[in-house]
2 protein chains.
Amino acid sequence: MKITFPDKNVREYPDGTSSLDIAKSISEGLARNVLAAKVNGAVQDATRPVHGDATLELLTWDSSDGKSTMWHSSAHLMAEALESFYPGIKFWVGPPVENGFYYDVDLGDHKISSEDFPKIEKKMIELARQNNHFVRSEMSKQDAINYFHDKGDQYKLDLLERLEDGSITLYQQGKFTDLCRGPHIPHTGYIKAVKLMNLAGAYWKGDEKNKQLTRIYGITFPKQKELDEYLAMLEEARKRDHRKIGKEMEIFMFDDEVGPGLPLWLPNGGAIIEELERLAKKTENEAGYLRVRTPHIAKESMYLTTGHLPYYADSMFPPMEMDGEKYYLKPMNCPHHHKIFGEMNPSYRDLPIRLAEYGTCYRYEQSGELFGLMRVRCLQMNDAHIYCTKEQFADEFRGVNEMYLKYFKIFGIDKYVMRFSTHAPEKLGKKYLDNPKLWKETEDMVRNVLIDSKIPYVEVADEAAFYGPKIDVQVWSAIGREFTLATNQVDFGVPARFGITYRTRENTQETPICIHRAPLGTHERFIGFLIEHFAGNFPLWLNPRQVAILPISDKYQNYAQEVLRVLKNYDIRALVDDRNEKIGKKIRDNEMKKIPFMLIVGEKEMEEKQVSVRKHGGQDEGKMSIEDFCRQIQNEIKMQLS
Amino acid sequence: MKITFPDKNVREYPDGTSSLDIAKSISEGLARNVLAAKVNGAVQDATRPVHGDATLELLTWDSSDGKSTMWHSSAHLMAEALESFYPGIKFWVGPPVENGFYYDVDLGDHKISSEDFPKIEKKMIELARQNNHFVRSEMSKQDAINYFHDKGDQYKLDLLERLEDGSITLYQQGKFTDLCRGPHIPHTGYIKAVKLMNLAGAYWKGDEKNKQLTRIYGITFPKQKELDEYLAMLEEARKRDHRKIGKEMEIFMFDDEVGPGLPLWLPNGGAIIEELERLAKKTENEAGYLRVRTPHIAKESMYLTTGHLPYYADSMFPPMEMDGEKYYLKPMNCPHHHKIFGEMNPSYRDLPIRLAEYGTCYRYEQSGELFGLMRVRCLQMNDAHIYCTKEQFADEFRGVNEMYLKYFKIFGIDKYVMRFSTHAPEKLGKKYLDNPKLWKETEDMVRNVLIDSKIPYVEVADEAAFYGPKIDVQVWSAIGREFTLATNQVDFGVPARFGITYRTRENTQETPICIHRAPLGTHERFIGFLIEHFAGNFPLWLNPRQVAILPISDKYQNYAQEVLRVLKNYDIRALVDDRNEKIGKKIRDNEMKKIPFMLIVGEKEMEEKQVSVRKHGGQDEGKMSIEDFCRQIQNEIKMQLS
């Protein structure tokens with residue numbers, strides 16, 4: 001059989017060779033890291049034989065599917081350990097989640113608390129070291145029912161009810177057998193580090209009328225070092241929690257009378273927003289974008305044209321009924337921009353047209369889903385739509401990517417990846433707009449630009465939008481947490497629904513391609529990310545409070561105010577700490593506030609019209625004239641933004 | 001009897017002296033201009049005797065009440081003229097309006113068209129020159145009914161039905177008698193210039209089931225010159241119509257699917273908005289304002305706290321029902337800002353706190369009331385709220401006024417007046433918050449600041465807001481049309497309803513005074529005003545298209561693009577006219593577009609790396625280097641903004 005690898009290499013193997021053996025044929029080192037395999041697009045056990053020609057991706061810890069498989073197997077491992085401590089324990093479901101896994105269990109008369117975690121973890125490691133294989137067996141529905149009936153396991157019997165005969169598999173490792181679709185890692189030995197995270201109550205089937213089960217969360221790693229790093233990262237993330245720092249630094253607030261998920265930005269947040277918008281506007285202006293401004297509402301008919309209604313109605317705010325019409329808060333800016341493009345009635349000479357707006361959109365999220373600035377109902381979006389010809393597309397898309405890279409540099413984002421979602425040819429006309437030629441062209445162009453510009457990316461089939469390929473931009477904060485920052489989308493469908501066109505050289509009308517892009521995402525999510533990323537120590541240019549002026553005593557208040565006025569003329573955001581406190585306390589307090597510079601002014605400074613400069617963190621920069629200090633600040637900001 | 005004049009002067013007159021005679025006692029010249037009199041706050045005929053001590057304001061053409069009285073009398077004069085041409089004509093109502101007057105008439109079998117206007121105008125002037133007195137007579141209801149019954153005038157009989165006996169007056173001038181409350185001018189001779197404007201159909205009592213009457217609009221002036229100026233202004237206003245220029249210059253648009261009253265701003269409008277906001281932010285930053293950002297919605301409970309609901313509900317958008325709560329689009333930014341002030345938990349040392357936001361509010365207007373950018377449903381407001389102590393109030397209020405004056409200078413607004421609305425002591429606790437001491441204090445402070453800063457103002461009693469005195473800022477465009485630009489309001493009520501306070505020096509909690517201010521009003525109304533004011537010839541700094549680069553032929557396209565790049569580096573908004581047209585046509589077209597500068601580039605310019613500069617209007621500025629031109633532009637902009 002011919003096996004095609006992701007790099008398009010093809011090798012031949014005897015029919016029935018397992019993915020793991022194929023890995024071994026490449027390198028023993030690789031094989032030791034293979035957790036599962038994606039065969040013809042479907043994830044399965046690496047130990048299962050492959051039949052017939054196939055595409056093969058060997059999944060290791062680096063892939064999300066690899067991680068999921070290991071965490072799924074870890075749930076089984078935890079179950080085995082739990083069974084050894086709590087005889088008669090019953091198991092409901094135990095899936096992998098974003099960070100680790102859980103299992104919902106019915107402990108019967110047993111009690112469990114987080115104090116029991118160490119012994120369970122120890123047991124799991126002990127069992128893992130036995131290198132027990134995950135053994136898959138198929139079973140008829142009746143046999144499975146008999147098996148779990150004998151075991152007295154009403155939960156698995158309930159699951160079985162909904163399964164069809166012929167599709168039922170069990171997995172066994174060590175002494176534990178579970179009804180399970182799989183896939184699983186080859187054996188437990190891959191699991192080297194274990195941490196149970198917490199306990200929660202969870203109603204059976206999520207229904208509060210049912211019995212409450214115990215949900216036990218855990219996470220595992222293939223190396224102890226990775227677990228240590230993960231726990232350190234969690235601890236650091238806890239310290240950097242944007243909700244905590246956001247409150248301490250008076251950046252944003254929520255209010256019951258305004259409503260959940262609707263942040264109000266205090267002056268410090270306002271200053272950050274103004275700086276971000278200034279950067280975005282300057283960058284977009286240089287890149288030839290035009291700024292527009294549109295209302296926050298539109299009539300129902302517009303969202304029927306886009307197709308958001310009725311399908312997307314659950315994610316929109318409910319309508320306002322007025323003059324016999326329904327008005328909706330806009331969930332995105334695109335249709336308003338399409339209207340403007342249409343009014344501009346452009347010719348091919350005017351293209352590309354890049355319409356930018358920091359538009360505020362409103363989307364409904366369940367109140368239980370809301371989380372600080374990360375999941376909100378109000379989104380101030382760094383939005384723009386680029387309308388171009390097919391010939392211009394690659395250049396425009398490259399320009400968008402360059403803008404991302406520029407921003408990553410400015411914000412010190414070192415780790416990022418573009419998740420490039422493509423269509424699935426077999427779903428054309430169903431999940432995807434039926435224009436195979438345009439799909440191929442645009443996907444090829446996007447891929448080529450990504451390769452050319454050496455941007456790290458992963459390609460994921462069958463996750464595109466209905467109207468074209470999309471790119472999710474994933475970045476990692478300074479402490480290694482992953483965030484989805486923004487989405488770029490290629491759209492060759494909606495412009496046609498809006499009937500917007502440009503005049504070609506031949507005086508015909510043609511529908512433009514549209515690129516949706518928002519490199520800085522939304523203020524809400526991006527500032528939430530930045531708070532964690534910088535732990536509140538915003539770089540000078542972005543810091544809402546750049547300089548604190550500290551008079552040594554009340555005698556120097558007037559001089560401090562004079563210094564403040566000069567700084568203001570240089571557009572530096574400064575404040576005077578005019579409290580009647582000892583200078584030592586003032587320094588400590590302003591250090592706590594993460595203000596980048598303190599200017600200490602006393603007798604000598606006043607006489608010589610100077611300031612004594614102290615950097616955040618304690619570094620003494622000596623005395624200098626006010627103007628020299630201002631110029632130094634301006635230069636530093638210029639450097640940070642270039 | 002003691003007569004008190006507006007300047008608080010008191011004079012004594014025999015009881016029963018008429019206002020006109022009082023005027024004569026001061027000066028014959030004054031008396032010739034007196035159209036009516038305000039006695040104890042009520043407007044009445046200047047010829048009526050005054051009884052007992054009274055306050056007296058003599059109303060001339062300069063006062064809006066004086067104008068209204070003359071226009072009301074002019075309606076009667078027109079009626080007299082009409083009756084002479086159309087025997088049997090019946091009159092319904094004939095009130096003064098904002099600019100002139102109208103009369104709704106039933107012409108019977110007669111026909112009228114605008115071609116008949118000259119003869120009617122001529123007749124009116126003829127009758128006016130007879131100096132016929134407006135003679136007031138009181139009549140019992142029965143006598144009045146008999147009179148109009150004999151005349152066969154069912155319209156006046158209908159009016160009479162709703163009037164109470166004892167309150168019925170008739171006015172007669174020349175051969176025309178009308179049922180009328182008055183007041184009127186002393187005699188027709190005051191009317192020197194007449195213009196009938198247009199005709200419209202108007203259903204009797206506004207009900208389309210009733211007969212359609214003919215509404216005839218007219219306007220009169222005390223001098224022919226004033227009429228000529230008015231008609232010239234109207235003609236100029238027609239040319240400068242912001243809807244017409246706004247479309248030609250691609251500044252804004254409306255769209256049926258977005259909704260009426262909801263402008264979308266095209267790139268040229270976006271550029272104007274960005275410049276206005278940049279100016280506002282710079283000005284506010286220098287004046288110590290802090291920028292905040294708040295959502296566009298809030299829960300019902302917030303507007304119950306402010307008192308907007310239920311009283312103001314008709315002016316708000318209808319609610320969205322979500323999670324069992326009602327959410328409203330915000331009709332103003334104040335409550336959101338109050339929430340932020342509350343969260344800041346300030347001490348007296350932090351005051352004044354000035355919170356600024358270009359916040360977009362939504363207000364419901366009847367669709368029939370909507371008018372271009374002047375009456376809209378979406379308002380991007382140059383908003384800020386200043387929270388201060390009583391001691392700081394005068395300084396803060398002065399600062400706000402200075403900001404207005406700065407803006408007036410930048411925008412070339414030479415004529416303006418502040419309409420200062422105060423309370424009425426007898427309505428304390430009803431129409432006005434019952435705190436006489438604070439009313440007196442704040443009104444005195446406002447008045448003193450207005451006087452000190454020599455700002456022209458008029459004081460109007462009994463027009464304040466519930467919570468404090470207010471100032472409407474009225475400006476005149478370059479062609480002499482009046483606009484209400486913005487409102488400042490002193491608020492010593494709502495902050496208390498929100499329970500927001502600051503810590504005093506004595507560690508008690510005190511409610512701050514709040515000043516609402518919005519010197520640039522809303523983008524919508526202000527840009528509408530500016531379009532008319534500048535007739536679309538926006539000053540360089542504000543012009544969406546500052547420079548057009550005109551290559552003489554296609555050969556110089558590359559050089560034109562090079563020039564464009566340099567200009568962009570200097571933040572100059574420029575475009576290349578790359579059409580394949582003769583240079584003469586390009587110049588004419590760009591002249592039409594009101595672009596301040598054209599740069600013509602050909603062989604010589606390309607060789608010498610120069611540009612030939614031509615100013616809008618045709619002035620040739622000669623050749624210069626690109627950089628010299630850019631510096632010249634930057635200097636000019638700096639001058640315009642200082």
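None of the values given here were measured: they were computed from a predicted structure. (Residues numbered from 1 in each chain as written. Chains lettered and ligands numbered in written order. Predicted model: local features only at pLDDT ≥ 70, side-chain atom pairs only at ≥ 80, totals over all residues. Heavy atoms only, no water.)

(A) Looking closely at the overall build of chain A. When helices and strands are counted, chain A shows 19 helices and 33 strands. Overall size of chain A, expressed as C-alpha extent along the three principal axes, is 90 × 75 × 60 Å. The buried share of chain A, taken over its 642 residues, is 55%. Taking all contacts inside chain A whose residues are at least 6 apart in sequence as the whole, residues at least 24 apart take part in 68%. For chain A, the exposed area adds up to about 28,400 Å²; of that, 47% sits on carbon and sulfur atoms. One way to put it: in chain A the 88 positive side-chain charges average out to a point 3 Å from where the 96 negative ones average out. (Helix = DSSP H or I, 4+ residues; strand = E, 2+ residues; numbered from the N terminus. Buried < 20%, exposed > 50% of the residue type's maximum accessible area, 1.4 Å probe, protein only. Contact = heavy atoms within 4.5 Å. Areas by Shrake-Rupley, 256 points an atom, 1.4 Å probe, with all protein chains shown as cover. Lys, Arg positive; Asp, Glu negative; His and termini not counted. Charge placed at Lys NZ, Arg CZ, Asp CG, Glu CD.)

(B) Inspection of the pattern of salt bridges at higher detail. Residues and elements named next belong to chain A. Evaluation of the coordinates by the stated rule reveals 106 salt bridges over all chains. Note that Glu229 is salt-bridged to Lys225, the shortest N-O span being 3.1 Å. With Glu229 and Lys225 both in helix α7 (residues 224-239) and four residues apart, the pair spans about one turn of that helix. Judged by its relative accessible area of 57%, Lys225 falls in the exposed class. (Salt bridge = Lys/Arg side-chain N within 4 Å of Asp/Glu carboxyl O.)

(C) Structural context of helix α1 (residues 19-26) of chain B. All names here are of chain B. For α1, the full list of buried residues reads Ser19, Leu20, Ile22 and Ala23. One side of α1 holds all its buried residues, which, seen down the axis, span an arc of 160°. In the core, the buried residues of α1 are packed alongside β1 (2-4), α2 (28-33), β3 (36-39) and β5 (54-59). (Arc of directions from axis to C-beta.)

(D) Structural context of the interface of chain B and chain A. Taken together, the contact between chain B and chain A spans 64 residues of the former and 65 residues of the latter. Carbon and sulfur atoms supply 56% of the area buried between chain B and chain A, which totals about 5,400 Å² over both sides. Of all residues in chain B, Glu257, Pro267 and Arg293 of chain B bury the most surface against chain A, accounting for 14% of the area lost on that side. Among the ionic pairs, Lys339 of chain B bridges to Glu257 of chain A, the shortest N-O distance being 2.9 Å. Here the element with the most residues in the side of chain B that touches chain A is helix α9 (residues 267-286) of chain B; it accounts for nine residues. Here the residues of the side of chain B that touches chain A sort into 30 nonpolar, 13 polar and 21 charged. (Buried area = accessible area lost by both parts, 1.4 Å probe. Nonpolar A, V, L, I, M, F, W, Y, C, P; charged D, E, K, R; others polar.)

(E) Structural view of the nonpolar core. Residues and elements named next belong to chain A. Phe411, Leu567 and Phe629 are the most contacted members of the largest nonpolar core, which has 84 residues in total. Here the element with the most residues in this core is helix α12 (residues 390-410); it accounts for nine residues. Each of domain 3 (248-534) and domain 4 (547-641) gives at least three residues to this core. Not counting chain neighbours up to four residues away, the residues in contact with Leu567 comprise Val547, Ile549, Ile572, Ala574, Leu599, Ile626, Phe629 and Cys630. (Core = buried A, V, L, I, M, F, W, Y, C linked by side-chain atoms within 4.5 Å. Domains from an automatic or database assignment.)

(F) Quick look at the side chain of Lys586 of chain A. Residue and element names in this part refer to chain A. Here Lys586 shows up in helix α17 (residues 583-592). Buried charge without a salt bridge: Lys586, with Asp577 as the nearest opposite-charge side chain at an N-O distance of 4.7 Å. Polar side-chain contacts of Lys586 include one of 3.0 Å to the backbone oxygen of Pro551. Among the polar contacts listed, one links the side chain of Lys586 to the backbone oxygen of Arg579, at a separation of 3.1 Å. (Polar contact = N/O pair within 3.5 Å; in protein donor to acceptor, adjacent residues only side chain to side chain.)

(G) Structural view of the relation of the copies chain B and chain A. Of the two same-sequence chains, chain B is brought onto chain A (RMSD 0.4 Å, axial shift 0.1 Å) by a rotation of 180°. Overall, the copies show the geometry of a two-fold rotation axis. Minimal C-alpha separation from the rotation axis in chain B is found for Met320 of chain B, amounting to 2.9 Å. Residue by residue, 100% of the interface of chain B is reproduced at the interface of chain A, so both copies engage with the same surface. (Least-squares fit on C-alpha atoms with pLDDT ≥ 70 in both.)

(H) Representation of the pairing of strand β24 (residues 470-476) of chain A. Residue and element names in this part refer to chain A. The buried fraction of β24 amounts to six of the seven residues, a majority that puts the element mostly inside the structure. Where β24 meets strand β25 (residues 482-491), seven bridges bridge the pair, whose relative direction is antiparallel. Paired with Val475 across the two strands is Phe483, which belongs to β25. Counting the residues in the hairpin turn of β24 and β25 gives five residues, including Gly480, whose phi is positive at 85°. (Pairing = 2+ DSSP bridges.)

(I) Representation of the side chain of Ser73 of chain B within the structure. Residue and element names in this part refer to chain B. By the element assignment, Ser73 lies in helix α3 (residues 64-85). Under the relative-accessibility criterion, Ser73 is labelled buried at 0%. A distance of 3.1 Å separates a polar side-chain atom of Ser73 from the backbone nitrogen of Ile185. Sequence-distant contacts of Ser73, defined by excluding residues within four places in its chain, comprise Phe134, His184 and Ile185.

(J) Highlighting the sheet that holds strand β19 (residues 325-329) of chain B. Residue and element names in this part refer to chain B. Across the sheet, three strands lie side by side as β17-β19-β18; this open sheet has antiparallel pairing. A strand with exactly one partner marks an edge of an open sheet, and here the two such strands are β17 (297-299) and β18 (320-322). On average, each strand axis in the sheet is tilted by 35° relative to the strand beside it, whichever way the strands run. Where β18 meets β19, three bridges bridge the pair, whose relative direction is antiparallel. In the sheet register, Met322 faces β19, and the bridge partner there is Glu325. (Axes fitted to C-alpha atoms, helices over the stretch in contact; angles between N-to-C directions.)

(K) Layout of the domain arrangement of chain A. All names here are of chain A. The assigned domain composition of chain A is domain 1 (2-60), domain 2 (67-233), domain 3 (248-534) and domain 4 (547-641). In this structure, domain 3 and domain 4 have C-alpha centres spaced 41 Å apart. Together domain 3 and domain 4 conceal approximately 440 Å² of surface at their shared face, both sides included; 60% is due to carbon and sulfur atoms. Broken down residue by residue, the surface that domain 3 buries against domain 4 is led by Met249, Glu275 and Ile410, which jointly contribute 65%. For the interface between domain 3 and domain 4, the tally reads one residue pair in polar contact (both at pLDDT 80 or more). If you tally residues by element for the side of domain 3 that touches domain 4, the top one is helix α9 (residues 267-286), at three residues.

(L) Molecular detail of the packing of aromatic side chains. Residues and elements named next belong to chain B. According to the stated counting rule, one finds 58 aromatic pairs over all chains in the structure shown. Measuring from ring centre to ring centre gives 6.2 Å for Phe85 and Tyr86, while their planes differ by 55°; the resulting arrangement is tilted. A relative accessible area of 5% means that Tyr86 is categorised as buried. Just above the ring of Tyr102 sits the side chain of Arg215; from NZ or CZ to the centre is 3.9 Å. (Phe/Tyr/Trp six-rings, centres within 6.5 Å; stacked < 30°, edge-to-face > 60°. Lys NZ or Arg CZ within 6 Å of the ring centre and 35° of its normal.)

(M) Focus on the pairing of strand β10 (residues 169-173) of chain B. Among the five residues in β10 of chain B, four count as buried, and that is most of the element. Counting the residues that bridge the hairpin from β10 of chain B to strand β11 (residues 176-179) of chain B gives two residues, and of these Gly174 of chain B lies at a positive phi of roughly 55°.

(N) Structural context of α12 of chain A. All names here are of chain A. For α12, which comprises 21 residues, the first-to-last C-alpha distance of 31 Å matches the rise-based estimate of 30 Å (1.5 Å per residue) to within 8%. Here α12 has its buried residues at Phe393, Ala394, Glu396, Phe397, Val400, Asn401, Met403, Tyr404, Tyr407, Phe408 and Ile410. Two residues or fewer past α12, Gly412 is found with a positive phi of approximately 65°. (Expected span 1.5 Å × (residues − 1).)

(O) Structural detail: unusual backbone geometry. The linkage connecting Leu351 of chain A with the following residue, Pro352 of chain A, adopts the cis geometry, with an omega of -5°. Within the element layout of this structure, Pro352 of chain A appears in the loop between α11 (334-344) and β20 (353-362). Of note in this structure, Asn507 of chain A is not a glycine but carries a positive phi near 65°. In this structure, Asn507 of chain A sits in the loop between β26 (502-503) and β27 (509-510). The phi angle at Lys594 of chain B is positive, at roughly 60°, despite the residue not being glycine. Take Lys594 of chain B: it is sitting in the loop between α17 (583-592) and β31 (597-601).

(P) Geometry of the environment of Met249 of chain A. All names here are of chain A. Residue placement: Met249 occurs in the loop between α8 (242-248) and β14 (252-253). Look at Met249 and you get buried, because its relative accessible area is 4%. As a C-alpha pair, Met249 and Ser167 span 82 residues in sequence and 56 Å in three-dimensional space. Residues contacting Met249, with those up to four places away along its chain left out, are Asn268, Gly536, Phe538, Arg545, Lys593 and Lys594.

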